[in-house]
Amino acid sequence: MPTKTKNRPTRRTTSYRPRASSSRSRSPSRGRRRSGPPRKRLIWAGFAALVALAISIPLTAPYIVDAAESVVTLLGVLPLLAVGTVIANGWLIYKRPELSRRFFRIWAGTHLTIIFVFGLAGFLKPPWSVGDVSFANVTAGGQFGELMAGSVPGILGWSAIGVVSGGLLWPKGAWFAWQGTCATGRFVERLEIPQNVWRSISAFFTGLVPKEEPVDDDKLLTPPSTNGHDLGEGIDPSAVSIESDIPIGDPDGDAPPAVAIDHEPPEGEIMVTSAPDKVKTTGPTKTKSRAGWQLPPIDLLAEAAEIEIRPVDNQIRAKLIVDTFASFGVDSKVVSINQGPTVTQFGVEPGWELKTKKVQIRDEDGKPLYDDEGKPVTKTEVVSRTRVRVNRITKLANDLALALAAPTIRIEAPVPGKPIIGIEVPNTTTSLVSLRSVLESKAFQKANSRSKIAIALGKGVSGEPVAADLTKMPHLLIAGATGSGKSVCINAIIGSFLLHNTPEDLRLVLVDPKRVELATFAEIPHLAFSRVIVEPEEIVGTLAAIIHEMDSRYRRFASAGVRNLEAYNSSPSASHKLPHWVVIIDELADLMMVAPYEVERQLCRLAQLARATGIHLIVATQRPSVDVVTGLIKANFPTRIAFAVTSQVDSRTIIDMAGADKLLGRGDMLFMPTDAAKPKRLQGSFVSDKELEKVVSWWTNERFRHLAPEKYDHLLEEAEEDTDETGDVEDPLFEAAKELAAQHTRISTSLLQRRLRVGYPRAARLVDMLEDEGIVGASEGGQSRIVLEHTADEEVEEELSEDEITVE
């Protein structure tokens with residue numbers, strides 16, 4: 001009985017659940033049975049409408065035929081298209097779709113396309129007829145199509161409707177078609193067809209009329225002029241030809257014209273005219289004027305004349321390294337030798353540390369064996385086997401340099417991606433890494449395909465070319481002592497930009513406090529401003545102008561709904577493409593001496609925000625101290641290049657580790673990219689001044705003068721106006737300095753240093769600001785300055801006391 005009472009509720013539960021589910025499953029069928037009667041009524045209503053229509057057709061047939069003929073006369077063979085358009089618009093009104101700019105564009109484009117189809121049918125007159133209407137008299141598009149195809153204004157309107165409808169339905173295709181049309185127009189313009197036809201006609205009629213000019217025998221005996229103004233006098237015309245692509249002579253008469261003698265230079269050779277700013281390239285790299293911006297040929301750079309001299313003592317030096325380590329009890333083995341332009345890297349694999357013991361040998365019975373002299377026979381067994389620690393090898397750097405007779409060696413432990421320790425030994429003979437050899441490498445071509453502002457850095461310790469993309473950095477900090485190759489590196493970077501970018505793609509802002517390092521590029525059209533910034537007082541205004549350009553670009557991005565420069569340039573809503581900006585500052589120390597607070601603040605803001613707008617910074621300094629390369633600047637410049645420095649402290653300031661103090665100079669550098677844990681040693685690219693002059697002369701040629709883009713000098717003027725309105729940037733501690741001055745009758749720079757806990761430059765600036773505000777007096781030869789407000793109060797009190805005495 002208990003079991004039955006337990007099972008009964010279970011049975012009821014199981015029987016109840018299917019019953020509930022079946023009731024739920026039957027609910028849809030009940031709903032469908034309820035919807036039956038309305039459907040029957042609709043069917044009977046439709047049947048009644050069909051019967052009524054069948055009865056009314058015989059009565060209204062004549063009127064229907066007349067209406068059909070009128071519709072065919074008006075619309076031709078396309079009345080169904082018009083009916084479909086009306087039905088589609090009614091469906092849209094019923095559906096009430098979301099109204100947007102895209103909806104109106106598609107709606108207008110579709111209706112204009114339908115009108116265009118009617119006009120296209122208006123050109124056709126097929127021998128068809130519908131009732132009394134003949135399409136031979138009325139076009140296939142009816143009177144509506146004939147309205148567009150029957151007159152010149154109608155054809156022009158029909159063509160415009162077709163173009164507009166295509167642009168509305170396919171904006172990208174219309175944009176590509178417009179670009180192709182512009183390119184075709186420029187190509188046709190370069191052909192100079194009217195000018196060539198006019199020259200041919202002129203030459204034809206000139207040839208029909210023979211003309212003899214008197215020949216002066218005295219002129220034939222006159223020697224040619226050396227100033228270039230009397231070309232052709234005393235020279236055989238068949239032996240001299242003037243290059244028409246290059247402006248002849250200087251307008252002032254100081255420079256001679258470009259003259260090509262009867263022999264032509266070989267193909268690809270660069271012919272430099274006597275004028276320093278005119279370069280003519282003949283052969284396959286010959287270009288014509290008025291052809292738009294053209295990139296300079298690679299032939300402007302010298303051939304890769306680097307001489308790879310492989311020392312014959314590499315194997316001897318490898319053996320010497322192993323022997324030196326063995327003499328200090330370190331087991332090692334040289335597994336690879338990679339020779340670079342400046343150093344050779346020996347890949348050393350650490351050996352094993354073995355602990356052994358002597359064991360006496362026994363026979364099969366377990367008795368010890370003895371030799372003839374009665375001594376026990378022993379053998380050596382390995383007890384433990386451990387790897388040599390890496391720090392045991394790195395500690396022997398100075399001893400290894402002594403053994404190899406090298407000025408300095410650098411140990412990279414371990415080599416990234418390899419289970420070896422790299423020992424970099426200077427070569428006995430170094431080779432030059434030319435800029436052209438790196439530009440022609442696959443590494444640079446790959447980087448340049450992704451971005452047009454790639455940089456040809458140099459070659460690694462194994463001789464492999466190394467290139468970097470500035471957009472991925474996105475800012476670069478360069479530091480090194482005098483003569484270490486810092487200026488040559490900047491010239492190579494600018495040369496890489498000029499060889500692969502037009503002024504429409506890249507604009508440069510050059511800041512040169514030394515006045516001579518970047519003077520070569522003062523006339524190139526790539527400059528964003530009309531000059532190279534050389535005055536330290538103009539640096540703050542220049543950085544403010546760049547910040548204004550950055551803010552302006554962000555406003556444009558927001559209005560276009562994009563996030564970066566690449567998206568904006570590819571957006572159809574962009575009126576014109578924005579170029580990349582690269583700001584190159586040759587000496588940061590001079591800027592920090594003039595206005596350290598403002599320069600640091602502006603550089604950090606640009607480094608934090610300017611990447612998306614296509615503005616990049618390249619900052620160089622030869623004094624890598626903590627007061628120049630501050631912590632904020634280092635944090636915002638993750639990509640750095642360290643050339644040879646004088647101390648390990650400077651090396652740690654630049655790349656946060658030692659190593660730059662052991663470089664050899666003359667282009668030997670450590671490149672620290674953002675995605676690498678350790679810096680990579682490179683030999684920087686070298687470009688000579690003559691090569692740079694050729695590249696600059698290419699861009700400053702007269703044929704590009706009419707294409708010179710506008711400068712952004714108005715940004716400098718706006719920055720100066722803002723500075724005049726707001727004055728100098730107020731120091732946050734200025735109010736504290738005023739309160740401190742109010743508490744004393746005299747104040748000095750050292751007092752501000754102690755009380756406000758600031759350095760001397762900032763304290764001196766605060767004193768100068770107090771003097772400008774009229775709070776303290778002028779300097780008194782190194783003494784403390786008097787507080788003028790206290791003096792004025794004491795004079796007022798004395799006058800009041802004298803007046804009181806007089807009254808008494």
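Residues numbered from 1 in each chain as written. Predicted model: local features only at pLDDT ≥ 70, side-chain atom pairs only at ≥ 80, totals over all residues. Heavy atoms only, no water.

**So, the overall build of the protein**
Piece 1. Counting its secondary structure elements, the protein contains 27 helices and 23 strands.
Piece 2. Residue pairs in contact within the protein that sit at least 24 positions apart in sequence constitute 63% of those at least 6 positions apart.
Piece 3. Per element, the accessible surface of the protein, about 47,900 Å² overall, is 57% carbon and sulfur. (Helix = DSSP H or I, 4+ residues; strand = E, 2+ residues; numbered from the N terminus. Contact = heavy atoms within 4.5 Å. Areas by Shrake-Rupley, 256 points an atom, 1.4 Å probe, with all protein chains shown as cover.)

**Considerations on the side chain of T613**
Piece 1. With respect to the helices and strands, the residue T613 is situated in the loop between helix 19 (596–609) and strand 18 (615–621).
Piece 2. In this structure the side chain of T613 is engaged in a polar contact, spanning 2.8 Å, whose partner is the backbone oxygen of A610.
Piece 3. The residues contacting T613, other than those within four sequence positions of it, are M550, R553, Y554, F557 and L565. (Polar contact = N/O pair within 3.5 Å; in protein donor to acceptor, adjacent residues only side chain to side chain.)

**A few points about the packing of helix 16 (residues 539–560) against helix 19**
Piece 1. Where helix 16 meets helix 19, the closest approach of the two axes is 10 Å, and the angle between their N-to-C directions is 25 degrees. Classified by the angle between their axes, helix 16 and helix 19 sit roughly parallel to one another. In this structure, helix 16 meets helix 19 at a crossing whose hand is left-handed. Mapping the contact onto sequence places V540, L543, A544, I546, I547, M550, D551 and Y554 in helix 16 and E598, V599, Q602, L603, R605, L606 and L609 in helix 19.
Piece 2. Its residues assigned to classes, the contact of helix 16 with helix 19 comprises 11 nonpolar, 1 polar and 3 charged. (Axes fitted to C-alpha atoms, helices over the stretch in contact; angles between N-to-C directions. Parallel < 35°, antiparallel > 145°, perpendicular 65-115°, else oblique. Left-handed = near helix turned anticlockwise from the far one by under 90°. Nonpolar A, V, L, I, M, F, W, Y, C, P; charged D, E, K, R; others polar.)

**Points about the packing of aromatic side chains**
Piece 1. What the rule picks out here adds up to 11 aromatic pairs.
Piece 2. On the numbers, 6.4 Å between centres and 55 degrees between planes, the contact of W698 with F704 is tilted. The burial state of W698 is the same as that of F704; both residues are buried.
Piece 3. Through pairs of rings, three or more aromatic residues link up here, namely W293, W698, W699 and F704.
Piece 4. Its guanidinium or amino end placed over the ring of W352, R385 lies 3.8 Å from that ring's centre, counting from NZ or CZ. (Phe/Tyr/Trp six-rings, centres within 6.5 Å; stacked < 30°, edge-to-face > 60°. Buried < 20%, exposed > 50% of the residue type's maximum accessible area, 1.4 Å probe, protein only. Lys NZ or Arg CZ within 6 Å of the ring centre and 35° of its normal.)

**Topic: the pairing of strand 15 (residues 476–479)**
Piece 1. Where burial is concerned, the two faces of strand 15 agree: the one with L476 and I478 and the one with L477 and A479 are both buried.
Piece 2. In the sheet, strand 15 pairs with strand 19 (residues 639–643) via 4 bridges, with the strands oriented parallel. Paired with A479 across the strands is A642, a residue of strand 19. (Pairing = 2+ DSSP bridges.)

**A look at the sheet that holds strand 21 (residues 680–684)**
Piece 1. Spatially, 14-13-21-20-19-15-18-17-16 is the arrangement adopted by the 9 strands of the open sheet, whose pairing is mixed. With partners counted over all chains shown, the strands left at the sheet margins are strand 14 (465–469) and strand 16 (506–511), one partner each. On average, each strand axis in the sheet is inclined to that of its neighbour by 30 degrees, with strand direction left out of account.
Piece 2. Sheet analysis places strand 13 (residues 454–460) next to strand 14, joined by 5 bridges and oriented antiparallel.

**Some points on the nonpolar core**
A general tendency of soluble globular proteins is for nonpolar side chains to be buried together.
Piece 1. Within the largest apolar cluster, 52 residues are counted, with the highest numbers of intra-cluster contacts made by I478, F497 and L508.
Piece 2. Ranked by residues supplied to this core, first place goes to helix 15 (residues 486–500) with 8 residues.
Piece 3. Excluding its chain neighbours within four sequence positions, the residues that come into contact with L508 are I494, F497, L498, I524, H526, L527, A528 and V582.
Piece 4. A544, A545, C604 and F637 belong to the second-largest nonpolar core, a separate cluster that totals 38 residues. (Core = buried A, V, L, I, M, F, W, Y, C linked by side-chain atoms within 4.5 Å.)

**With respect to the sheet that holds strand 8 (residues 343–350)**
Consider a sheet: its strands pair through backbone hydrogen bonds, and that pairing is either parallel or antiparallel.
Piece 1. If you walk across this open sheet you meet the 4 strands as 7-8-12-11, and the pairing is antiparallel. Across the chains shown, the open sheet's two edge strands, defined by having one partner strand only, are strand 7 (332–339) and strand 11 (410–412). Averaged over all pairs of adjacent strands, the angle between strand axes in this sheet comes to 25 degrees, irrespective of strand direction.
Piece 2. Where strand 7 and strand 8 come together, 7 bridges link them in antiparallel fashion. When the bridges of strand 8 are listed, K333 appears paired with E349.
Piece 3. The sheet strands contacting helix 10 (residues 314–327) are strand 7, strand 8 and strand 12 (421–426), and the helix crosses strand 7 at an angle near 150 degrees.

**What to know about the confidence of the model for the protein**
Atom-level detail of predicted coordinates should not be read off regions where pLDDT is low.
Piece 1. The predicted model of the protein averages 77 in pLDDT, with 77% of residues at 70 or higher.
Piece 2. Here residues 802–808 is a poorly scored stretch, pLDDT under 50, and it has 0 contacts once near neighbours within four places are set aside; other chains count. (pLDDT = per-residue confidence, 0-100.)

**Section: unusual backbone geometry**
Piece 1. Note the cis peptide between A413 and P414, where omega equals -10 degrees.
Piece 2. With respect to the helices, strands and loops of the structure, P414 is situated in the loop between strand 11 and strand 12.
Piece 3. The amide bond that connects M473 to the next residue, P474, takes the cis arrangement and shows omega of -10 degrees.
Piece 4. With respect to the element layout, P474 can be found in the loop between strand 14 and strand 15.
Piece 5. Despite not being glycine, A405 shows a phi value in the positive range, around 55 degrees.
Piece 6. Among the structural elements, A405 can be located in the loop between helix 12 (397–404) and strand 11.
Piece 7. Given a relative accessible area of 70%, A405 falls into the exposed group.
Piece 8. Of note, R515 is a non-glycine position whose phi angle comes to about 75 degrees, a positive value.
Piece 9. By secondary structure assignment, the location of R515 is in the loop between strand 16 and helix 16.

**Brief notes about helix 14 (residues 442–450)**
Piece 1. Those residues of helix 14 not exposed but buried are F444, A447 and N448. Taken down its axis, helix 14 places every buried residue within 100 degrees of arc, on the same side. More than 90 degrees from the buried face of helix 14, the exposed residues found are K442, K446, S449 and R450.
Piece 2. Among the structural elements, helix 13 (435–439), strand 13, strand 14 and helix 15 are those in contact with the buried residues of helix 14. (Arc of directions from axis to C-beta.)

**Digging into the pattern of salt bridges**
One side chain can pair with another of opposite charge once the charged atoms of both are near each other.
Piece 1. With the rule as written, the count across this model stands at 22 salt bridges.
Piece 2. As a salt-bridge pair, D299 and R436 come within 3.3 Å of each other at their nearest N and O atoms. On the criterion of sequence distance, the pair formed by D299 in the loop between strand 6 (279–281) and helix 10 and R436 in helix 13 is long-range, its members being 137 residues apart.
Piece 3. Between R640 and D656 there is a salt bridge, and its shortest N-O distance comes to 3.2 Å. In this pair, R640 sits in strand 19 while D656 sits in the loop between helix 21 (648–655) and strand 20 (668–672), placing the two residues 16 residues apart along the sequence.
Piece 4. If you follow the salt bridges from partner to partner, you end up with R410, E424, D668 and R681 in one network. (Salt bridge = Lys/Arg side-chain N within 4 Å of Asp/Glu carboxyl O.)

**Examining a nonpolar patch on the surface**
Piece 1. Taken together, the side chains of F187, V188, L191, I193, V197, I201, F204 and F205 present a nonpolar region at the surface, about 730 Å² in accessible area.
Piece 2. Mapped by element, the contributors of at least two residues to the nonpolar patch are helix 7 (171–191) and helix 8 (193–208).
Piece 3. No other element matches helix 8, which puts 5 residues into the nonpolar patch.
Piece 4. Looking at the secondary structure, you find L191 in helix 7. (Patch = residues over 30% accessible without salt bridge, like charges linked within 9 Å, V, L, I, M, F, W, Y side chains within 5 Å.)

**Observations concerning the environment of A401**
Piece 1. When you line up the elements, A401 lands in helix 12.
Piece 2. For the pair A401 and V425, spaced 24 residues apart in sequence, the C-alpha separation works out to 8.3 Å.
Piece 3. Apart from the residues within four sequence positions on either side, A401 is in contact with A406 and I409.

**Some points on the side chain of T749**
Piece 1. Within the element layout of this structure, T749 appears in helix 25 (residues 749–756).
Piece 2. For T749, a relative accessible area of 19% puts it in the buried group.
Piece 3. In this view, T749 contacts Y760, A763, A764 and V767; residues no more than four positions away in its chain are not counted.

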